[in-house]
Amino acid sequence: MKHHLFIAGIIAMLSMIFPLCFVLYLVGGEMWLALSPLWIMAIFIVINLLLFKKVNFYDDKDDTKALIIRAFINLSLAIVIPMIIYAIVVFS
Amino acid sequence: MLQKAQLKWMSLMSLAATIISLMVFLFMFDEYREIVAKLCVIGIMVFGINALIFIVYGDKLKAAYHGVLAIVLMTVSCLTAMGIAIMLMQGLIIFHPRYDQSAYQALKNNFEFSEVTIMREDGSKLTGWLKYNTKDTPNSLIIYFGDSSEDASGTCYDFMHSGVWRYFSDYNFLMIDYPGYGLSDGTPSDDSIYAMAEEVYDYACNLDVVDDTSITIMGYGLGSGAATYIASMRTVNGLVLIAPFDQGISLYNQQLDMFKGLMQFFTLYKFNNTKYASLCRISPLILASFDDEEIDYQYAVNLNDAFPNAPAMYSFHEIKHNAYFQQVEILEKIDHYLEEIER
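Residues numbered from 1 in each chain as written. Chains lettered and ligands numbered in written order. Predicted model: local features only at pLDDT ≥ 70, side-chain atom pairs only at ≥ 80, totals over all residues. Heavy atoms only, no water.

Looking only at helices and strands, chain B features twelve helices and eight strands. Oriented by its inertia axes, the alpha-carbon framework of chain B measures out at about 85 × 45 × 40 Å. By residue count, 53% of the 343 residues in chain B fall in the buried class. Expressed as a percentage of contacts within chain B between residues at least 6 apart in sequence, the contacts between residues at least 24 apart total 72%. Accessible surface for chain B amounts to roughly 15500 Å². Of this, 55% is attributable to carbon and sulfur atoms. Separation of charge centres in chain B, based on 21 positive and 40 negative side chains, amounts to 12 Å. (Helix = DSSP H or I, 4+ residues; strand = E, 2+ residues; numbered from the N terminus. Buried < 20%, exposed > 50% of the residue type's maximum accessible area, 1.4 Å probe, protein only. Contact = heavy atoms within 4.5 Å. Areas by Shrake-Rupley, 256 points an atom, 1.4 Å probe, with all protein chains shown as cover. Lys, Arg positive; Asp, Glu negative; His and termini not counted. Charge placed at Lys NZ, Arg CZ, Asp CG, Glu CD.)

Structure below.
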């Protein structure tokens, strides 16, 4: 059950990438913006590689608490980074 | 090395973080909040359907076919999500509603302009501005339908500062905001704009200051759709089309060249100008530029060919889409056409 929900979640999120590319192209009209889901994802993959490989929150790598902390860090970055970009765009 | 379970979680978190960050970014702009909500609905729907399919069929399949099911569902989900997104968000391609509040305040304090509110049968309202030139006697009227990013207040204010009014000094001038634009209620679409155009025309005919036998319709860009429609449905004295287009699909492809073949069926806003042009009984003035970056010159030619009574079409070079009213030669052509039809 957990495994099935996991795959359904991955598929749902992957299928969100294309509409986001479409919207971002309409918003900005430029290809680098339309492809931003791809390069932002590359940045997050690097961050997560570091989180999972280098930063050991607990001895047991499958620990649920460690996963929650990593998810929290991802969520925080996902909210804070666009806010900083918005602030730079609006106030510069 | 990362374990398989860690890689799975890493990819899920990266994907989720990417989508959340882009959603947060779009959410901070007022005009895109609705889109974020729609995208969330699409995501939840796709997740729900996939979860249901996996829960029902996942356990029955052998491990080898599990991956095949995932790939099939992923392909179908991506195509479905893209299709729904195009259906829900194509308004972004065609319509760019705006409201210039500072221009509205400036016009409020100008005695030459009168704020117009048209109450509709469903209780919603259409708003705009009427510029009087002679208040005492019935006089000719120009009804102006603006482009996709024009609102009545902003346009009237811009015309005031760019000296455009000089060319329309013998006319009353009426511009009403499309549904969803300015202070007008509603949502912009081809049908709502056509209905609005008819209401505006009927409203204008009943005004004391307007000679209803001398109404000229002017349409610019997107407004050429409403202008052509009303010219085909009502009696008008003249029709001026600036940077017009032949049909809605052309506007889509101008922005994003992908609405061809089967993709045409995804388009909601048809704006079939060629059909309405063929019903017009008057000879319009058409002004188009080879260097218009938003509406291709060929679209104007296609529309020109659809009018049964030979239109007067003038082509220009080096005029960008938003610069038509800044060109003296354009304004002089309109002025000359207006003089001709008044004779």
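Moving on, there is more to tell.
It is a general feature of regular strands that their side chains alternate between the two faces of the sheet. Residue and element names in this part refer to chain B. For strand E4 (residues 172-176), the buried fraction is high: five of the five residues fall into the buried class. Neither face of E4 is left uncovered, since the one carrying Asn172, Leu174 and Ile176 and the one carrying Phe173 and Met175 both have all their residues buried. With four bridges joining them, strand E2 (residues 125-131) and E4 adopt antiparallel strand pairing. Bridge pairing in E4 links Trp129 to Met175. One ladder, built from four bridges, connects strand E3 (residues 139-145) with E4; its direction is parallel. Among the inter-strand pairings, Ile143 is bridged to a residue of E4, identified as Leu174. After leaving E3, the chain enters helix H6 (residues 152-162) and then returns to the sheet as E4, a path that is right-handed. (Pairing = 2+ DSSP bridges. Right-handed = clockwise from strand over helix to strand, strands pointing away.)

It is at 8 Å that the axes of helix H3 (residues 36-53) of chain A and helix H1 (residues 4-27) of chain B come closest, and there the two elements cross at 135°. The angle between H3 of chain A and H1 of chain B falls in the class oblique. In this structure, H3 of chain A meets H1 of chain B at a crossing whose hand is right-handed. Two secondary-structure elements touch here, H3 of chain A through Ser36, Pro37, Ile40, Met41, Phe44, Ile45, Asn48, Leu49 and Phe52 of chain A and H1 of chain B through Gln6, Trp9, Met10, Met13, Ser14, Leu15, Ala17, Thr18, Ser21 and Leu22 of chain B. Here the residues of the contact of H3 of chain A with H1 of chain B are counted per class, giving 13 nonpolar, six polar and no charged. (Axes fitted to C-alpha atoms, helices over the stretch in contact; angles between N-to-C directions. Parallel < 35°, antiparallel > 145°, perpendicular 65-115°, else oblique. Left-handed = near helix turned anticlockwise from the far one by under 90°. Nonpolar A, V, L, I, M, F, W, Y, C, P; charged D, E, K, R; others polar.)

In this section: the confidence of the model for chain B. Of the residues in chain B, 98% have a pLDDT of 70 or more, and the chain-wide mean is 89. Both scores are given for the predicted complex: the pTM is 0.81, the ipTM 0.89. (pLDDT = per-residue confidence, 0-100.)

Moving on: the interface of chain A and chain B. Listed by partner, the interface residues are 48 residues for chain A and 54 residues for chain B. Of the roughly 5000 Å² buried at the junction of chain A and chain B (both faces included), carbon and sulfur atoms supply 86%. For the interface between chain A and chain B, the tally reads zero salt bridges. Our enumeration of links across chain A and chain B arrives at three residue pairs in polar contact (both at pLDDT 80 or more). Considered class by class, the residues forming the side of chain A that touches chain B number 37 nonpolar, seven polar and four charged. (Buried area = accessible area lost by both parts, 1.4 Å probe. Salt bridge = Lys/Arg side-chain N within 4 Å of Asp/Glu carboxyl O. Polar contact = N/O pair within 3.5 Å; in protein donor to acceptor, adjacent residues only side chain to side chain.)

The subject of this paragraph is unusual backbone geometry. Residues and elements named next belong to chain B. Positive phi, close to 40°, is recorded for Phe271, a residue that is not glycine. Structurally, Phe271 can be placed in the loop between helix H9 (248-255) and helix H10 (273-277). Taking the relative accessible area as the measure of exposure, Phe271 reaches 1% and is therefore buried. Look at Glu318: it is not a glycine, yet its phi comes out positive at around 60°. One can find Glu318 in the loop between strand E8 (312-316) and helix H12 (328-342). A relative accessible area of 71% places Glu318 in the exposed class.

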